[in-house]
Amino acid sequence: MPYALCFLLFMIGLYCAVVKKNMVKIVIGILIMEYAVNLFLIMLGFRWGGRAPIVTAEDISGGSLSKLFINSSVDPLPQALVLTAIVISLGSLALMISICIRTYERYGTFDITQIRRLKG
Amino acid sequence: MKGMTIIVKNISSFVKVLIFLFGIYIILFGHLTPGGGFAGGVIVASSYVLLMLAYGREFAEENLSLPTTSRLDCVGALLFAAIALFGLFYGATGFFWNFIHQKELWGQPLKLLSAGTIPLSNISIGIKVGSSLFLVILILSSFRLETSASEKE
Amino acid sequence: MAIFCTLLVFIIIAAFIAVETKKLLSAVICIGAIGFGASIMFLFLWAPDIAITQIVVEVLGLIILIRATISRDRTFIAGDREFFGMIVSLVIILVIAVAGVSVFPETLPDFGTPVFTETSNSASQTYIEEGLEKTGAANLVASVILDFRAYDTLGEATVLFTTIIGATVILRKKTKKLLEEPDL
């Protein structure tokens, strides 16, 4: 059930990026799609009754990890992938907004249909 | 870009130092508690963004100018590559080999000085990410000043 | 399960408002609400690193969006919608959605069973069992991104560097002066 809701969020972002005419709305649609994908990846590694993948002093018994920690820890691999993805999405947001600002300064509008007809 | 009123300036001059210190803590303890280089770098950048929003862009540029920020960015990236290359030359085993942990400091988990090259990589990634994000916000705000000035004419 | 579905419904309502509203400022504020809801959801999914990163990246992203697009003469979106283009896009998106949802129960495990417990000899099992001995770091996520999978971090640093250079080059204002200097 949460997987289906996450997919619905992705579809909302896709609709916004495809149908809308204002450039800032297209950027917002791409941003919603990125949030949906990050949420989906973390939900793949979730475990009921799990715990965060951080070792504390009470997990080490006799020089090695306790069985309880190994059997109840949450998957650390999707978290590593999503960590870098979140920071990259900020960099690409800055790039998209700088393109929008340049286009506004050149054509005077944010509307993408107007930009196709004016030849500068 | 103008700054804000005097109440905001007084409070932000006190708060931005706390944010900077918190960012450094998150970077340094990245191998023991949640956080790491990326989150800490973004927090350090946001402390400088607070300085820029409260005092105006010219004051922030005197504090940490544009060429200095871009050089810090390059220094962070080169430091990360240098740590990786040391692994290749030191043990002759591989790129990114954790050479400190495998040879010398062994058997002290959960202390601050542990885990080999991981704290060093955290610090270099923190410098790189922080200065990159502050650079891009500085450039966005300086460009906006130019267009709004030309729109008013 | 109830808390996850509640937070996801909140996020979906905020996304719907962000897509359909006519004022740009409301859309940007709804993006802030989505990011905040996502950060709380990461906390309940036992991912504290991601929650910290998401909330601070959200704040900086909001500053970029507001600072760059909200000024006196750009806050309203005018114009009518193209009817035919919107209907065609909606039909295509509906087909993709139905195809996607029908695939879910066969390929994905139930919510709450991580994927690595169903496959044998998976990489995540190795990272959990041997992460502390081989790297010495107590934070397993930090040991994964900086020791087991350090190439991915190198790639991420390169991508971030390139996007920042791209944004700097686009917003440069000195080009006309360089073109007017005479070549001798």
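As for the nonpolar core
Point 1. If you look at the biggest cluster of nonpolar residues, it comprises 112 residues, and the most contacted ones within it are A:Ile28, A:Ile32, B:Val42, B:Leu133, C:Ala15, C:Ile34 and C:Leu60.
Point 2. Considering every element that reaches this core, the biggest residue donor is helix H6 (residues 118–152) of chain B, with 13 residues.
Point 3. Lining this core are residues from two domains, each supplying at least three of them: domain 1 (1–77) and domain 2 (104–172) of chain C.
Point 4. Once residues lying within four places of it in the same chain are set aside, the contact partners of C:Leu60 are A:Leu90, B:Val42, B:Ala45, B:Ser46, B:Val49 and B:Leu133.

Some thoughts on the confidence of the model for chain B
Point 1. Of all residues in chain B, 76% attain a pLDDT of 70 or more, and the chain-wide mean is 81.
Point 2. Overall, residues 148–153 of chain B carries pLDDT values under 50, and its contacts beyond four positions in sequence, including any with other chains, amount to one contact.

Some details on the domain arrangement of chain C
Point 1. Assigned domains of chain C: these are domain 1 (1–77) and domain 2 (104–172).
Point 2. Between the C-alpha centres of domain 1 of chain C and domain 2 of chain C the distance comes to 24 Å.

Some words on the interface of chain C and chain B
Point 1. Listed per partner, the contact involves 33 residues of chain C and 42 residues of chain B.
Point 2. When residues of the side of chain C that touches chain B are traced back to their parent elements, those giving at least two are helix H3 (48–69), helix H5 (123–135), helix H6 (140–148) and helix H7 (150–170) of chain C.
Point 3. Split into classes, the residues belonging to the side of chain C that touches chain B amount to 22 nonpolar, seven polar and four charged.

Thoughts on the packing of helix H4 (residues 77–107) of chain A against H6(C)
Point 1. Interhelical geometry of H4(A) versus H6(C) gives an angle of 65 degrees and a closest axis separation of 9 Å. As H4(A) runs across H6(C), the sense of the crossing is right-handed. When H4(A) is examined against H6(C), the residues A:Leu77, A:Gln79, A:Ala80 and A:Leu83 are found in contact with a partner set consisting of C:Val141, C:Val144 and C:Ile145.

Comments concerning the interface of chain A and chain C
Point 1. Each partner contributes to the interface: chain A provides 66 residues, whereas chain C provides 72 residues.
Point 2. Broken down by secondary-structure element, the contributors of at least two residues to the side of chain A that touches chain C are helix H1 (2–19), helix H2 (23–44) and H4 of chain A.
Point 3. Of the residues forming the side of chain A that touches chain C, the biggest block, 20 residues, is contributed by H4(A).
Point 4. The class makeup of the residues in the side of chain A that touches chain C is 50 nonpolar, nine polar and seven charged.

Parameters at a glance
- Residues numbered from 1 in each chain as written.
- Chains lettered and ligands numbered in written order.
- Predicted model: local features only at pLDDT ≥ 70, side-chain atom pairs only at ≥ 80, totals over all residues.
- Core = buried A, V, L, I, M, F, W, Y, C linked by C-beta atoms within 7 Å.
- Buried ≥ 20, exposed ≤ 12 C-beta atoms within 10 Å, placed from the backbone.
- Helix = DSSP H or I, 4+ residues; strand = E, 2+ residues; numbered from the N terminus.
- Domains from an automatic or database assignment.
- Contact = placed C-beta atoms within 7 Å.
- pLDDT = per-residue confidence, 0-100.
- Nonpolar A, V, L, I, M, F, W, Y, C, P; charged D, E, K, R; others polar.
- Axes fitted to C-alpha atoms, helices over the stretch in contact; angles between N-to-C directions.
- Left-handed = near helix turned anticlockwise from the far one by under 90°.

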